[in-house]
Amino acid sequence: MQYGYFDDAAKEYVITRADTPLPWINYLGSDGFFSLISNTCGGYSFYKDAKLRRITRFRYNNVPHDEGGRCFYVCDGDTVWSPAFLPAKTALDFYRCRHGLGYSVFEGNKNGVAASLTVTVPMHTDMEVQKLVLKNESGAEKKLTVYGVSEWCLWNAVDDSTNFQRNWNIGEVEIEGGTVYHKTEYRERRNHYAFYSVNAPIDGFDTDRDTFLGRFRGWSEPQAVENRTSFMSVAAGWAPIAALRLSLTLAPGESKTLLFRLGYVENPEDRKFESLNIINKEKAHAMLAAFDTEAQFDAALDALKTYWTSLLSRFTVQSSEEKLDRMVNIWNQYQCMVTFNMSRSASYYESGTGRGMGFRDSCQDLLGFVHLIPERARERIIDIASIQFADGSTYHQYQPLTKRGNADVGSGFNDDPLWLIACTCAYIRETGDFSILDEPTPFNNEAGTEVPLMEHLRRSLRYTVEHRGPHGLPLIGRADWNDCLNLNCFSRTPGESFQTCSNFKSGKAESVFIAGMFVKYGKEYAALCDRIGLSEEATDVRASVEEIEQATLKFGWDGEWFRRAYDAFERPIGSRENDEGKIFIEPQGFCVMAGIGGPEYGRRALASTEALLGNEFGIEVLHPCYTEYHDYLGEISSYPPGYKENGSVFCHNNPWITLAYCTVKDGNGAFGLYKRNAPAYIEDKSEIHRTEPYCYSQTIAGRDAKTYGEAKNAWLTGTAAWSFVAVSQGILGIRPDYNGLIVDPCLPDTMDGYRLSRLFRGTRYDVTVRRGEQKGLIVNGKPVPGNTVPLTDAPVCTVERTI
Ligand code: GLC
Ligand code: GLC
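Scope of this entry: the structure provided in the associated data block. Computed from a predicted structure; not experimentally measured.

Observations regarding unusual backbone geometry
- Looking along the chain, the bond that leaves Val63 and enters Pro64 is cis, with omega of -15 degrees.
- The residue Pro64 is located in the loop between β6 (54-56) and β7 (71-76) in this model.
- A positive phi angle, near 70 degrees, is found at Glu185, a position not held by glycine.
- Topologically, Glu185 is positioned in the loop between β15 (179-182) and β16 (192-198).
- Its identity as a non-glycine residue notwithstanding, Ser343 has a phi of 50 degrees, on the positive side.

Comments concerning the site of ligand 1
- Taken together, Arg344, Arg355, Arg360, Asp361, Trp481, Asn482, Asp483, Glu645, Phe650 and Gln698 form the complete shell of residues around ligand 1.
- Contact between ligand 1 and Glu645: an oxygen atom at 2.5 Å from a side-chain N or O atom of the residue.
- Gln698 has a polar side-chain atom sitting 3.0 Å from an oxygen atom of ligand 1.
- The fraction of the free accessible surface of ligand 1 (300 Å²) that becomes covered by protein chains is 97%.
- Looking at the shell around ligand 1, its residues break down into 2 nonpolar, 2 polar and 6 charged.

Some points on the pairing of strand β13 (residues 142-155)
- Burial of β13 is extensive: 13 of the 14 residues sit out of reach of the surface.
- Summarising the sheet, β6 and β13 pair through 2 bridges and their orientation is antiparallel. Bridge pairing in β13 links Arg54 to Trp155.
- In this sheet, β13 lies alongside β7 in antiparallel orientation, the contact comprising 6 bridges. Looking at the pairing, Tyr73 lines up with Tyr147 of β13.
- Pairing between β13 and strand β18 (residues 240-250): 10 bridges, direction antiparallel. Its bridge partner lying in β18, Leu144 is registered against Leu248.

Looking at helix α19 (residues 719-731)
- Spanning 13 residues, α19 covers only 16 Å between terminal C-alpha atoms, well under the ideal 18 Å at 1.5 Å per step.
- Where burial is concerned, most of α19 is hidden: 12 out of the 13 residues are buried.
- Among the residues trailing α19, Gly733 stands out with phi positive, at a value near 75 degrees.

As for the side chain of Arg209
- In this structure, Arg209 sits in helix α3 (residues 209-213).
- Side-chain polar atoms of Arg209 contact the side chain of Asp210, separated by 2.9 Å.
- Setting aside its immediate chain neighbours within four residues, Arg209 contacts Arg57, Arg59, Glu151, Trp219, Ala239 and Ile241.

Looking at the packing of aromatic side chains
- Inspection of every chain in the model, using the stated rule, returns 56 aromatic pairs.
- Aromatic pair Tyr186 and Phe273: ring centres 5.3 Å apart, planes at 75 degrees, arrangement edge-to-face. With Tyr186 in the loop between β15 and β16 and Phe273 in strand β20 (residues 273-275), this residue pair connects regions lying 87 residues apart in the sequence.
- An aromatic cluster is defined as three or more aromatic residues linked by ring pairs; in this entry it consists of Tyr3, Phe6, Tyr13, Trp24, Tyr27, Tyr307, Trp308, Trp331, Tyr334, Tyr694 and Trp715.
- One Lys or Arg, Arg380, reaches over the ring of Phe340 and ends 3.9 Å from the middle of that ring.
- Geometry around Tyr632 places Arg571 over its ring, the cationic atom sitting 4.6 Å from the centre.

Things to note about the sheet that holds strand β29 (residues 572-573)
- One open sheet holds the 3 strands; their spatial order is β27-β28-β29, and the pairing between them is antiparallel. Looking along the sheet, the strands with just one partner apiece sit at the ends: β27 (510-511) and β29.
- Across 2 bridges, the pairing between strand β28 (residues 565-566) and β29 is antiparallel. Looking across to β29, one finds that Tyr566 is bridged to Pro572.

A short note on the sheet that holds strand β12 (residues 127-136)
- Across the sheet, which stays open at both edges, the 10 strands sit in the order β1-β2-β9-β10-β11-β12-β19-β16-β15-β14 with antiparallel pairing between neighbours. Every other strand in the sheet has two partners, leaving β1 (4-7) and β14 (173-176) as the edge strands with one partner each. Within this sheet the neighbouring strands show an average axis-to-axis angle of 15 degrees, counted without direction.
- With 8 bridges connecting them, strand β11 (residues 113-120) and β12 associate as antiparallel partners. Its bridge partner being in β12, Val113 is matched across the sheet by Asn136.
- Strand contacts of helix α5 (residues 282-290): β12, β14, β15, β16 and β19 (255-266), with the helix running at about 150 degrees to β19, the strand carrying the most contacts.

Rules used in this analysis
Residues numbered from 1 in each chain as written. Chains lettered and ligands numbered in written order. Predicted model: local features only at pLDDT ≥ 70, side-chain atom pairs only at ≥ 80, totals over all residues. Heavy atoms only, no water. Helix = DSSP H or I, 4+ residues; strand = E, 2+ residues; numbered from the N terminus. Near = heavy atom within 4 Å. Polar contact = N/O pair within 3.5 Å; in protein donor to acceptor, adjacent residues only side chain to side chain. Areas by Shrake-Rupley, 256 points an atom, 1.4 Å probe, with all protein chains shown as cover. Nonpolar A, V, L, I, M, F, W, Y, C, P; charged D, E, K, R; others polar. Buried < 20%, exposed > 50% of the residue type's maximum accessible area, 1.4 Å probe, protein only. Pairing = 2+ DSSP bridges. Expected span 1.5 Å × (residues − 1). Contact = heavy atoms within 4.5 Å. Phe/Tyr/Trp six-rings, centres within 6.5 Å; stacked < 30°, edge-to-face > 60°. Lys NZ or Arg CZ within 6 Å of the ring centre and 35° of its normal. Axes fitted to C-alpha atoms, helices over the stretch in contact; angles between N-to-C directions.

Now the structure itself:
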């Protein structure tokens, strides 16, 4: 069943009913000011950091889940309704939500009044603008009372939801015309404030939430709205809001447009105030003036659409697979941008208060983003590397606002350092910018410790080589990619975090997955060394790769698949010797991609993977699921069977298997798996899958779960980047390389070819792939040996590839 449809021409997903199984959200903003917005207009905004600089409030675990956020009320006679259905919950005569790239549009009609609400964060502004158009489509005059409301968060989202003994005393606002300024804590150490404003004279306001709502009432039925009035309340402590009220009279056929603006301003320390405790509003005034007319808004929305069209034109494909094209050309790349911006911080599942930017997550997100805005990828690589320690280990996370490593989580996740090699190599292959390797980059952000980035990569690699266990395999530490396989931790304390468990002993558990990573990225590092003339180092690294590869063949191969790990007692995990967790997905993906054991082992591992882990939504993490908790396994066995790391389809690692299929040249296997969880392909199962059909979710409950097929944790998942890599570099086979663009498709029998346009190092490559007798590569009309289209200075290059 579907709750909407894709409009490919508009690059929108059109939701046709408000009662989607879960809030289906979109992201606005791309740099500083970000908003989350659901299909009923819920959500929240923040500046750069969802924990430390939260602008509007969001109640996790709220019922209804999504109430609050942006509240609009239209009062027409006895009826109060909201253009996006919530919060008024009045049944609409017509409802539609269109989520586009960086904007959302809500269309709601009631009793002859049509509302159209378009919400976006214009580029290069720190402001969300909400354009509300109300049109009288009835035959009689309409007198409407309209409210627009925002509830402020007192900046630090954690403190805001815990420290009430303080917070209920500090809320402060200023009101000036149709603008409410939120200035809590500005009187002391903060130099930022927010505002909510409308571009027309208001008839009243409220800034104290409890006055506006009234006792025993929620957002669906505020007292002020019921009375069609405002109490002109001025917040002093408690919960400051901005509730703006306007009266409109609309003749039949007439429409009026209002622009509501939610903005964020920082002032220099010495220019904070205009007079005693009155904030300096200069910047706010300028921002408001820039978005005071419909024409200004429309121009900004057009500019945003043009920007996205041009960004996405860097990689577009036309094939016989409409759904593949839709994912590749629009939604997968869009999600890559969102994951790059958000890491795992702010979604409807990630509260924005816990995890900031993850080291491994951000490195992987970059793989699907680097072709879009390489300069931002470059900056990110340096930020990430700057939280590394001198011994090559690293903080696991950092806060985006401070860029400092997160000490509560600490380090000890032994896959982390290798991801830095993965993303740096990907960046250089994309851009040819070797100068990044010389970039002075500190350890632990300490001034004076800077070394060239290349040295960080070197230490990353060395860290793995120097931390190996009894079988010569890399030590796992607190965990590798699978945060929940905690083989050294032995937690028995309820509620304790498995990732930061105090009982952790840096034991001798080993990871076959990290071994696979090391072989793959060690080879990439050696190839990089060759490029920059470090041939001795390349030779040394290849020797280490060989050693770990041999250890993997000897101790990591189980007979029909790769083992997962050795636990702290040197027992194999992910082996036929185990009763549960006999096989895991991760090493099948990485060891096959790394070429360990060649195509023969690769095919056998993939056949076992499919047979034991495959379901209709993809490949499960492990099989059979753990039915009991084991302290020597950790969090993985804490989840009920079929959920999360205990046997769901953890979508992030499915593309590894797709790529593994490509490694053994099995196009049917690759595409067969790709289709099983690519959102557009399962849109018609939305009542089972439940999350948004236009983006990947982290996890889909496995066969052993009570809700098999149900997805959770939409949006912020490494699935976005890896799926893009799998489809673009694996299936379509377009891979940037140091000296050219590789065109090496791995198509299923059902696809005869495709046309593709790829911007690469300033040249637009127009690629046509088709099947034919005469296999080969033709570049600008001339045959070229091999798979690589050489670099060129020409603006356009025509490539024909026959497979
Ligand atoms: C989450 C984490 C990621 C981890 C994965 C598997 O998605 O963000 O870092 O690799 O879970 O545990
Ligand atoms: C939990 C989740 C895992 C995530 C981790 C982050 O363990 O199961 O997916 O990576 O938390 O700390």
